[in-house]
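# Structure at a glance
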Amino acid sequence: MESQENFSRKSNFRIKEVKQIGEEMLFQKQLELAKKVANFYLAPLGIILKIMVPSVAKKGKRKLASFLKGNKLENNKRAKKILEIKDKEIALIGTKQERDEIIFLAMQKAFEENRQFLYLASEIFPAATFFEKLKKYLPENEIALIHSSTPPGEFFHIWKGLKDKKIKIIVATKIGLFLPFSELDTIAIEESGDISHKQWDMNPRYNALPVARFLAEIHKAKLLHSNSAPSVEIWKKKEEKTLRIINLEAENASHYEPKIANIFSEKKSPDFPIGKELFETLSNVLNEKGKSLLVVNRRGFSSYSICQSCKTVLRCPNCDRALVYFEEKEKYKCLHCRHEMNLLSSCPSCGACQFSHQGIGIQLVEKKIKRLFPSARVLRLDSDISKLKKGSAQILQDLAKKNFDILIGTQIALKIGSLNSFGLVAFPSFDELESIPDFNTRELAFALLSQAKSLLEKRGVLLIQTAYSGNPLLKLFPSEKKEEFFEKELRERKKTNNPPFSRIVKLFYRHPNKKKVEKETQKVFDLLQKFADNDNNIIDINEPYEPLIAKKRGYYYKNILIKTKREAEIQKISIFPILSKLKKGWGIDLDPVSTV
Ligand SMILES: [Zn+2]
Ligand SMILES: [Zn+2]
């Protein structure tokens, strides 16, 4: 899955080749966008132009579209007022339902004016659920859903339809940014701070938000964030007056507080991790025929497994990472590579065959819930299911038809909310969300809580199980404290020179030989330091360090972090010659979503 990291080599030839196609197949505005993205992320132009040109240049099959003209949305005065606001960048903050309504209306308006609208979701699943809903309002042959798994024939059809101005409204994941728009009216981006908007595992490592900003600028289009809460970046832009926040909640804002259940004393209970308070709330919601959502961050059954006799943690031999137990498959699996171990395997260090499973995985929660509520209809949604084509179609249907009482999901379940609202959203193992120390950990946890809250019915409950109820983050979550949370976060980021006050350039090097990794990274670090001298665009260069997962698929890793001034142009800083001439094995990630 890792792509070729080395962008400086061989790229000239490619660019020439793509340019030739480019002149016929690309709009001028697309070329402009490609150049901006290539500069901003130090990515080869050729790779970006390649995304813009569909791989199949023949007609794909297309389903017969139903020409049902969509329902008109109700005459929503407030929404219309909001659409009249002229600001170039706006953040809509509110429940999913409220935000979607405004966006549907904006889409209808663009449609009637014969202009284009791009809606970006962070992943395929939420894009598909949004599209399902949109079909009610606009004619199906003039709207399209597009993402990285769209078959090439269909992709080409949509690409062509947009180019010929037959398709006007696009719902997409970030790949939609590179389509041939000609009269783009608005770009809406859902949960703009979500890390899934970033392509982190292959080149070009871009984030949809800055690219959307470029695209909006080129087309003089409006940029609309559709968020359940502001991000730190949104807050900063608001303070700089380059963005306007529209709080949809403000009108009926009332004090809101999540329920915090301390489960420290219940760890030994046979029902753990379903604590007493969670059990009672779930029962109440079930009795009232409401729906509940449990969010568990971890796939599999547990976090790791320990040998009962020698206490060795079962690890993947290719990755520096604990194996995860999957009960239904009776296997131990590595979440990073394809390594699997049989249930009956013996301990690699002592040969014993008894393991105990530690930590809370989604399948453990599912098992306990099914035991405690045997007659409830339970659905599980995680990437083990959503990656299976059939599995995801089935669950989408069940969700749309509301064929369930309790949905248990990883974070992805928070993104399909447009199909349902809940009487209860609970985090059975909230503490795990904060267990990784990174500069953006608190912000991301805050965003998840906000997304959860935005899925609640009017009198719904947000319940958080924790072993540490003094958690400062939870204290700042109630809406009247929001301001305090963001001000504090911004102060902290400023003090530590972290984004949005700086730009992070993450360099990583990998090699099967650990010594080689040490040597090479130290050499480059020394060189960087020498070149960085007296360049005040460079704030800081960190010594090479091992990431949390220091070995993946047989390769050892080390990172170097460079912090530059936010506005500094990477091509013009003193260390650029080094960045552009890194050897094979090096990779570069600008604005990484994780630094650890
Ligand atoms: Zn592995
Ligand atoms: Zn052992």
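Refer to the structure presented above.
Here the structure is a predicted model, which means the values were calculated and not measured.

## Some remarks on the coordination of the zinc ion (ligand 1)
- Protein ligation of the zinc ion (ligand 1) involves Cys-316 (SG), Cys-319 (SG), Cys-334 (SG) and Cys-337 (SG), the donor distances falling in the range 2.3 to 2.5 Å.
- Relative to the metal, the four donor atoms surrounding the zinc ion (ligand 1) lie at angles of 105 to 112 degrees, and the coordination shape comes out tetrahedral.
- Summarised as a motif, the one-chain spacing of the donors to the zinc ion (ligand 1) is C-x2-C-x14-C-x2-C. The same class applies to Cys-316 as to Cys-319, namely buried.

## Things to note about the side chain of Thr-281
- With respect to the helices and strands, Thr-281 occurs in helix 10 (residues 276-287).
- Ignoring sequence-local partners within four residues, the contact set of Thr-281 consists of Lys-259, Leu-424, Val-461 and Leu-463.

## Looking at the packing of aromatic side chains
- Under the defined criterion, the tally for this structure stands at 19 aromatic pairs.
- Taking the centre distance of 5.4 Å and the plane angle of 85 degrees together, the rings of Phe-40 and Phe-214 count as edge-to-face. Of this pair, Phe-40 sits in helix 2 (residues 28-41) while Phe-214 sits in helix 8 (residues 208-219), and the two are 174 residues apart along the sequence.
- Residue Phe-214 is classed as buried on the basis of its relative accessible area, which comes to 15%.
- Ring geometry for Tyr-119 and Phe-130: centres 3.7 Å apart, planes at 5 degrees, overall stacked. Here the residue Tyr-119 occupies a position in strand 2 (residues 116-120), and Phe-130 occupies one in helix 6 (residues 124-134), the gap between them amounting to eleven residues.
- A cation over a ring is seen here: Lys-168 above Phe-111, with NZ or CZ 4.2 Å from the ring centre.
- The ring of Trp-235 has Lys-238 lying over it, and the distance from NZ or CZ to the ring centre is 4.0 Å.

## Considering the environment of Asp-201
- Within the secondary structure layout, Asp-201 lies in the loop between strand 5 (184-190) and helix 8.
- Taking the relative accessible area as the measure of exposure, Asp-201 reaches 26% and is therefore partly exposed.
- Sequence spacing of Asp-201 and Leu-548 is 347 residues, and the spatial spacing of their C-alpha atoms is 16 Å.

## As for the coordination of the zinc ion (ligand 2)
- Taken together, the protein donors to the zinc ion (ligand 2) comprise Cys-307 (SG), Cys-310 (SG), Cys-347 (SG) and Cys-350 (SG), at separations of 2.3 to 2.4 Å.
- Considering all four donor atoms around the zinc ion (ligand 2), angles at the metal cover 105 to 114 degrees and the coordination shape is tetrahedral.
- Linear spacing of the donor residues for the zinc ion (ligand 2) on their chain is C-x2-C-x36-C-x2-C. Separated by 43 residues along the polypeptide, Cys-307 in strand 10 (residues 304-307) and Cys-350 in the loop between strand 13 (340-342) and strand 14 (355-358) bring together distant segments of the chain.

## Details of the sheet that holds strand 7 (residues 244-247)
- Pairing is parallel across the open sheet formed by seven strands, whose spatial order is 3-4-2-5-6-1-7. On the outer flanks of this sheet lie strand 3 (143-146) and strand 7, each paired with one strand and no other. Across the sheet, the axes of successive neighbouring strands diverge by a mean angle of 20 degrees, strand direction being ignored.
- Pairing of strand 3 with strand 4 (residues 169-172) involves four bridges; the strand directions are parallel.

## Description of helix 4 (residues 77-84)
- Taken together, the buried positions of helix 4 are Ala-79, Ile-82 and Leu-83. Burial along helix 4 is one-sided: seen end-on, the buried residues are contained in an arc of 100 degrees. Summarising the geometry of helix 4, the exposed residues directed more than 90 degrees from the buried face are Lys-77, Lys-81 and Glu-84.
- Along its buried surface, helix 4 packs onto strand 1 (89-93), helix 5 (96-112), strand 6 (222-227) and strand 7.

## Section: the nonpolar core
- Residues Met-107, Leu-407 and Phe-427 are the most contacted members of the largest nonpolar core, which totals 72 residues.
- The greatest single-element share of this core, amounting to eight residues, is contributed by helix 5.
- Setting aside anything within four residues of it in sequence, one finds Phe-427 in contact with Val-295, Leu-414, Leu-433, Leu-448, Leu-449, Ala-452, Leu-462, Leu-463, Ile-464 and Gln-465.
- Ranked by size, the runner-up nonpolar core spans 68 residues in total, among them Ala-34, Leu-118, Phe-155 and Ala-172.

What counts, and at which threshold
- Throughout, residues of each chain are indexed from 1 in the direction in which the sequence is written.
- Numbering of ligands from 1 and lettering of chains from A proceed in the order in which they are written.
- In view of the model being predicted, local features appear only for residues whose pLDDT reaches at least 70, and side-chain atom pairs are presented and counted only at 80 or more, with totals across whole chains, interfaces and linings using the full set of residues.
- In computing side-chain properties, one takes all heavy atoms of the structure into account and sets aside hydrogens as well as water.
- Coordinating donors are taken to be N, O and S atoms lying within 2.8 Å of the metal, or within 3.2 Å when the metal is Na, K or Ca; because water is excluded from the atom set, some sites may appear incomplete.
- Only four donors with every angle between 85 and 135 degrees are called tetrahedral; only four or six donors with opposite donors over 155 degrees apart and all others between 65 and 115 are called square planar or octahedral, in that order; all others are irregular.
- A 1.4 Å probe rolled over the protein chains alone gives each residue an accessible area, and that area as a share of the maximum for its type sets the label: buried under 20%, exposed over 50%, partly exposed in between.
- In DSSP terms, a helix is any run of H or I states spanning at least four residues, a strand is any run of E spanning at least two, and both are numbered starting from the N terminus.
- Two residues qualify as a contact provided that any one of their heavy atoms is within 4.5 Å of a heavy atom in the partner residue.
- Only rings of Phe, Tyr and Trp enter the pairing, Trp through its six-membered ring, and a pair is recorded when the two centres are within 6.5 Å. The plane angle decides the type: under 30 degrees is stacked, over 60 is edge-to-face, the rest tilted.
- The criterion is that NZ of a Lys, or CZ of an Arg, lies within 6 Å of the ring centre and within 35 degrees of the ring normal, and then a charge sits over that ring.
- In this analysis, strands are considered paired if DSSP registers two or more bridges between them.
- The axes used here are C-alpha line fits, helices contributing only the stretch in contact, and every angle between their N-to-C directions lies in the interval 0 to 180 degrees.
- Our arc is simply the arc of the directions from the helix axis toward the C-beta atoms.
- Think of a nonpolar core as a cluster: buried Ala, Val, Leu, Ile, Met, Phe, Trp, Tyr and Cys residues, connected wherever their side-chain atoms sit within 4.5 Å.

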